[in-house]
Amino acid sequence: MLLLQRATIPSVLLQVHKRVYSCIAGGSSSSSISSSTNIRSFGVQAFSVDIPRRGRLNKIVVFAPSISNRLLLYSSSSFISTSSTPSSSPSPPSSSSDEQYTPPDLEKLANLMPEKDSQGKPYTLYEKCVRRLYLTNLFHPVKLGLQNIERLHNALGNPMDAPNLILVHVAGTNGKGSTSLKIARTLELAGMRVGLFVSPHIASFRERMQVNQELISEQEVEQFLPMIYDICERERIPATFFEVTTALAFQFFASRKVNAVVLETGLGGRLDATNVVRNPSICVITSIGLEHTRILGDTVELIAMEKAGIIKSNAPVLVGPHCPHETIRKCAVEKQASAYYTCWDVLKDSALARNLSSTNDEEYFDYDIENAVIARAALRVMEKNGDLQDFPLSEDVIQKGTGQRPPCRFEELTVRGSTSEKLIPVILDVAHNPDAMKYLVKKIQATHPNKASKIRMVVGFSADKDLRQCGQTLLDFNSDPNRLHLVEAAHPRAAKLEDMFSAEPRLLKSNFNENNRSITMQVETALRLAEENDEMLVICGSVFLMAEAREALGINEPRDSKYIAEVAGANLRHGQELFADRDPEKTLETKSC
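The structure contained in this document is the topic of the report that follows. (Residues numbered from 1 in each chain as written. Predicted model: local features only at pLDDT ≥ 70, side-chain atom pairs only at ≥ 80, totals over all residues. Heavy atoms only, no water.)

1. Side note on the nonpolar core
We apply this condition: By nonpolar core we mean a set of buried residues, namely Ala, Val, Leu, Ile, Met, Phe, Trp, Tyr and Cys, connected to one another through side-chain atoms within 4.5 Å. Relative accessible area decides the class of each residue, using a 1.4 Å probe on protein chains only: under 20% of the type maximum gives buried, over 50% gives exposed, and in between gives partly exposed. In this text, helices come from DSSP runs of H or I with a minimum length of four residues, and strands from runs of E with a minimum of two, each type numbered from the N-terminal end. Two residues form a contact once any of their heavy atoms are found within 4.5 Å.
Formed by 52 residues in total, the largest nonpolar core has its most connected members in Leu152, Phe205, Met209 and Phe253. Elements with a minimum of two residues in this core: helix H2 (106-111), helix H3 (125-134), helix H4 (147-155), strand E8 (209-211), helix H6 (218-235), helix H7 (241-255), strand E10 (260-264) and helix H19 (562-565). Counting residues per element, this core draws most heavily on H7, at nine residues. Excluding anything up to four places from it in sequence, Leu152 contacts Ile228, Ile231, Cys232, Ile237, Ala239, Glu243 and Ala247. If you look at the next biggest cluster of nonpolar residues, it comprises 32 residues, including Ile166, Leu318, Leu347 and Val373.

Given below as structure tokens:
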């Protein structure tokens, strides 16, 4: 890779001709540029150049990204790294992991990054930055591990290891995002400047990182993301989408000079990018269930050991009630945690008993209350350990902070009808598997008994879910298929309508449109019918349908453009999810946390 410190290229081919001589053509006086071709690009200048070398043509791609003030040359036969002075030999690798580093195929990347929309309007720098981020995993194999993020974190100055930073690290199968938000909101109400890192997002990539509920700005993404890519290029770090996103959050939090950071793990814990942190104030494990079994393990105990990988020496760990405590306690001993707590150990009152709620004579297990209990217990442990001595927590602050919940988690709102002044009750929930849907149904029956028999639903699923069970659950609750509206999100992981019908043929009698699978159309139709029939509208299923559904409901919030959204699943190829040190033969007896 030859890096030339020049951003403007009105005469770029002359510059290439002069500077590539000694690097690529070996300085031979007979070498010359034989041809050049413009390549479709994303607000950049890009050229394909053929240079004779040792009797054959060597193709060079000249690439000048507007997001990075440098000119990149990619040679099909060699990679040469220099600063402003060309070199005739490759620079030595910075570490053994360089063997895994494969620079992007720049011609392919340029073809995936159109410069303007169909109307000729140029895409913004933010749009280009985030679209490029989503395409990251297409250009090299991905393995989960900590080496990449350790090098990135170090290059950024290790901001998450700052001595006075209060850091909460949260893992778990369910509830980790909600618990993270509740802890962050409570610390904010106590007067702290709090960074929150969660995933996935609903409508905008910027939701993943925020400080005191203020999302990272588009300008900050434009400023920090190219810098992180420059580090990856310079240090030859084959960072993944999630590793780059994590590094972006770290840099953002450091720039905002936060007092505290709450980090939600992405996948697992032990080898998750967030696990680069060394000195958490507390580690929290919310719950353990069977998920990503091909990656994390096929038993609850093996998955628990992966989640428990976030436990650090000399830091306390708090574990929620739905966890295999014996397994996690052994991990805590192995990792020399300073203390092991359950919620009951900390609170010693009736808080846990409130999880089994009774509303309108319907009993249901309220997981939001459980998440609030876990958050409350974590805050009390930090308070006990002196982490919050400058920010006292009153009961009012804790009650208000832990009472908040993320969007689309049994989110209730009203929407005014189109033909009358009637307010239509709407519930948004990312219930995306059979168990979650049964819980959603139970909670609707308990909290809205007068509407439970008059529910209209807009539903879409991910392709990797048990579609037959999901369909049966829907029909058990709502026996009239005419009150079901099936949608197919524009996402590579979304279930196709045909797959839903194949799994549960009775769904063929529901509302759908094979020629127009727009979520917006079904939401608008469902709203009209709910208004006419005095029904409640429930929009549920995959997180992938929520952004368009919320827009159709008239919710005004930051929302990424189609240019970004159409590639939002490019980072989620199943084949990427491999642990760098995963041994399929390891058992519970031989595996360490």
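2. Brief notes about H6
Where we set the bar: Each residue after the first adds 1.5 Å to the expected span of a helix.
Between its first and last C-alpha atoms H6 spans 26 Å; for 18 residues at 1.5 Å apiece the expected length is 26 Å, and the two agree. Elements that come into contact with the buried residues of H6 comprise H3, H4 and H7. Directly after H6, the chain includes Arg236, whose backbone phi takes a positive value near 55°.

3. Quick word on the pattern of salt bridges
Just so we agree on the cut-off: For salt bridges, the criterion is a side-chain nitrogen of Lys or Arg within 4 Å of an Asp or Glu carboxyl oxygen.
Throughout the structure, instances matching the rule amount to 24 salt bridges. In this structure, the salt-bridge partner of Glu306 is Arg270, at a minimum N-O distance of 3.0 Å. Here Glu306 is found in helix H9 (residues 300-307), whereas its partner Arg270 is found in the loop between E10 and strand E11 (282-287), with 36 residues between them in sequence. Exposure remark for Glu306: the relative accessible area of 0% places this residue in the buried category. Linked through salt bridges whose partners overlap, the residues forming this network are Arg376, Arg380, Glu383 and Glu395.

4. Brief notes about the sheet that holds strand E6 (residues 166-171)
Heads up, the condition is: Two strands qualify as a pair provided that DSSP identifies no fewer than 2 bridges between them. Only the stretch in contact is used when fitting a helix axis, every axis being a line fitted to C-alpha atoms; angles between N-to-C directions are given from 0 to 180 degrees.
Sheet architecture is open: eight strands sit in the order E9-E8-E7-E10-E6-E11-E12-E13, paired in mixed fashion. Both edges of this open sheet fall to strand E9 (214-215) and strand E13 (339-342), since each of them pairs with a single strand only. Judged from the four bridges that link them, E6 and E11 form a sheet pairing that is parallel. The partner of His169 across the bridge, within E11, is Cys283. Contacting strand E7 (194-197), E8, E9 and E10, H7 runs over the sheet at an angle of about 10° to E8. Relative to strand E12 (residues 316-322), helix H12 (residues 367-384) is tilted by about 160°, and along the sheet it contacts E6, E11, E12 and E13.

5. Side note on the packing of H4 against H7
Selection rule: Relative orientations are named as follows: roughly parallel for angles under 35 degrees, roughly antiparallel for angles over 145 degrees, roughly perpendicular for angles from 65 to 115 degrees, and oblique for any other angle. In this scheme the crossing of two helices becomes right-handed for a clockwise turn of the near helix relative to the far one and left-handed for an anticlockwise turn of less than a right angle.
Closest axis-to-axis distance for the H4/H7 pair is 10 Å, and the angle between their directions is 25°. Accordingly, the angle class assigned to the pair H4 and H7 is roughly parallel. Helix-helix and strand crossings are classified by hand; for H4 and H7 the assignment is right-handed. Taking contact as the criterion, the partners of Asn148, Ile149, Leu152 and His153 in H4 are, on H7, Glu243, Thr246, Ala247 and Phe250.

6. Notes on the environment of Glu326
Mapped onto the secondary structure, Glu326 falls in helix H10 (residues 325-334). Through-space distance from the C-alpha of Glu326 to that of Glu301 is 9.2 Å; in sequence the pair is 25 residues apart.

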